[in-house]
Amino acid sequence: MLKQESPTGAQPRPRSTEGLWAYFHGELVPLHDARISVTTHAFNYGTAVFEGIRAYWNPEQEQLYGLDLLAHYRRIHKSAPILQLEIRVSPEELVDITCEMLRRSEMREDAYVRPILYKSTEAVGVRLHNLESDLVIFTLPFGKYIDTETGIRAMVSSWRRNDDNAIPARAKITGGYVNGALAKSEAQANGYDEAIMLTQDGHVSEGSAENLFIVRDGVLITPSGTDNILEGITRRHIMEVAGDLGIGVVERVVDRTELYQADEVFLCGTGAQLAPVVEIDHRQIGGGAPGPITRRLHTIYFDAVRGRSDTYRGWLTPVY
């Protein structure tokens, strides 16, 4: 059975793998046949890079839209050299493979696609060289990762974000996500929904697995690419939409106390989508409700990903 993350307090919905397909060892196979050995290097050492991709079902159009398929596969190609991984299928071919996988899985609901490029050699030993690479892609139904409507409560984590010279955040390295997992579990154990992580020098980086924006005096402010963030695709879209609306966007160092004084705060990412933050460390943000700029961006973003906006149609790949 597969389970997905759910909002705090909600029960995850199990889903059998029956009828779902995966891309494994260079071909499409039933998901339950996509298995690796316990001696696989990536399983033992976290030597893999991955992407998270959403596909949105539009019932009125009876269409499933893959969001940023090509952008995600181009990014996994850029991540590969960091771990000395080899990928032999082009981004464009991976888009076609993913669409066929979703069609075979008969997805007619919101879905999540997970490509993982990994060290596939069955060997013990800490290294990156002289190891084979392989790619697996699978899909499963997927709803909300965190609350995107009423807003979430966050805490600044005691765990610091990995540094670029340790485990670089600009590649989605599987082993590096232990860092975010520690922060997320700490936050939820303390009654919060999400964690906000700081860099080693104490500046704001991002959430446990999401980029972060604050609003001050009508301007969007977000940590720069050198603050150990993932250079997010959703983050880039938010900046694009803000520019189209005439809202200023600044990338710069953000201090912790700016979070407390912000007019609005929100997190964004493929999994999180666009999630308002209404409280941080027991301090209300914007009166404890999503602010006007966040709400405006939220409306445009969700219209776009479901194929209801001609302006941002280029983000989408129709599956059917």
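On a predicted model such as this, the values are computed, not experimentally measured, just so you know.

Colleague: Explain the nonpolar core to me, and be specific about the residues and the numbers.
Modeller: Within the largest apolar cluster, 42 residues are counted, with the highest numbers of intra-cluster contacts made by Tyr73, Leu94, Leu102, Leu117 and Ile137. Mapped by element, the contributors of at least two residues to this core are strand S1 (21-24), strand S2 (27-30), strand S3 (48-50), strand S4 (53-58), helix H2 (69-79), helix H3 (91-104), strand S6 (111-119) and strand S7 (133-141). When neighbours within four sequence positions are excluded, tyrosine 73 is seen to be in contact with Ile53, Pro91, Leu94, Val95, Thr98, Val113, Pro115 and Ile137. Judged by nonpolar contacts, the second largest core, of 22 residues, contains Leu220, Phe266, Leu274 and Leu297.

Colleague: So, a nonpolar patch on the surface: which residues are in play, and what are the values?
Modeller: Residues Ile36, Val38 and Phe43 make up a contiguous nonpolar surface patch of about 330 Å² in total accessible area. With respect to the helices and strands, valine 38 occurs in the loop between S2 and helix H1 (41-45). Judged by relative accessible area, valine 38 falls into the exposed class, the value being 62%.

Colleague: I'd like to hear about H3, residue by residue, with values.
Modeller: A rise of 1.5 Å per residue sets the reference length of H3, with its 14 residues, at 20 Å; its end C-alpha atoms lie 20 Å apart and thus fit the reference within 8%. Glutamate 106, located one to two residues past H3, shows a positive phi value of around 50°.

Colleague: Residue-level account of the pattern of salt bridges, with values.
Modeller: Think of it this way: side chains of opposite charge can pair up when their charged atoms draw near. Going through the model one piece at a time under the given rule, you end up with 17 salt bridges. For the salt bridge of glutamate 194 with lysine 184, the shortest nitrogen-to-oxygen distance reads 3.0 Å. On the criterion of sequence distance, the pair formed by glutamate 194 in strand S9 (residues 194-198) and lysine 184 in helix H4 (residues 177-189) is long-range, its members being ten residues apart. Residue glutamate 194 shares its accessibility class with lysine 184, and that shared class is buried. Linking arginine 216 and glutamate 258 is a salt bridge whose minimum nitrogen-to-oxygen distance equals 2.9 Å.

Colleague: Outline the pairing of strand S8 (residues 152-160), listing residues and values.
Modeller: Consecutive side chains along a regular strand alternate between the two faces of the sheet. For S8 and strand S15 (residues 273-280), the ladder comprises three bridges, and the chain directions are parallel. In the sheet register, alanine 154 faces S15, and the bridge partner there is isoleucine 280. Examined bridge by bridge, S8 and S9 share four bridges and lie parallel to one another. When the sheet's bridge partners are listed, valine 156 is paired in S9 with isoleucine 196. Between the parallel pair S8 and S9, the chain is carried across by H4, and the sense of this crossover is right-handed.

Colleague: Hey, could you go over the environment of threonine 17 for me, with residue numbers and the actual values?
Modeller: Locating threonine 17 in the fold gives a position in the segment before S1. In this structure threonine 17 comes out as buried when scored by relative accessible area, which is 18%. Taking the C-alpha atoms as reference points, threonine 17 and leucine 31, separated by 14 residues in sequence, lie 6.3 Å from one another.

Rules used in this analysis
- In every chain, residue numbers begin from 1 and rise along the written sequence.
- Given that the model is predicted, a residue must reach a pLDDT of at least 70 before its local features are reported, and side-chain atom pairs must reach 80 or more before they are shown or counted; all residues, however, enter totals for whole chains, interfaces and linings.
- Hydrogens and water molecules were not included; the side-chain quantities draw on all heavy atoms of the structure.
- We define the nonpolar core as a collection of buried residues of types Ala, Val, Leu, Ile, Met, Phe, Trp, Tyr and Cys that are connected through side-chain atoms lying within 4.5 Å of one another.
- Three exposure classes are used, based on accessible area relative to the maximum for each residue type with a 1.4 Å probe and protein chains only: buried under 20%, partly exposed in between, and exposed over 50%.
- The numbering of helices and of strands both runs from the N terminus, where a helix is a DSSP run of H or I of at least 4 residues and a strand a run of E of at least 2.
- For this analysis, residues touch if any pair of their heavy atoms sits within 4.5 Å.
- The patches reported here contain residues having more than 30% relative accessible area and no salt bridge. Joining distances are 9 Å for like charges and 5 Å for nonpolar side chains (Val, Leu, Ile, Met, Phe, Trp, Tyr).
- Computed with a 1.4 Å probe, the accessible areas rest on the Shrake-Rupley method; for each residue, only the protein chains presented here act as cover.
- When a carboxyl oxygen of Asp or Glu lies within 4 Å of a side-chain nitrogen of Lys or Arg, that pair is called a salt bridge.
- Helix span, expected: 1.5 Å multiplied by one less than the number of residues in the helix.
- Here, strands pair whenever DSSP counts at least two bridges between them.
- A clockwise path from the first strand over the helix to the second, with the strands pointing away from the viewer, defines a right-handed crossover.

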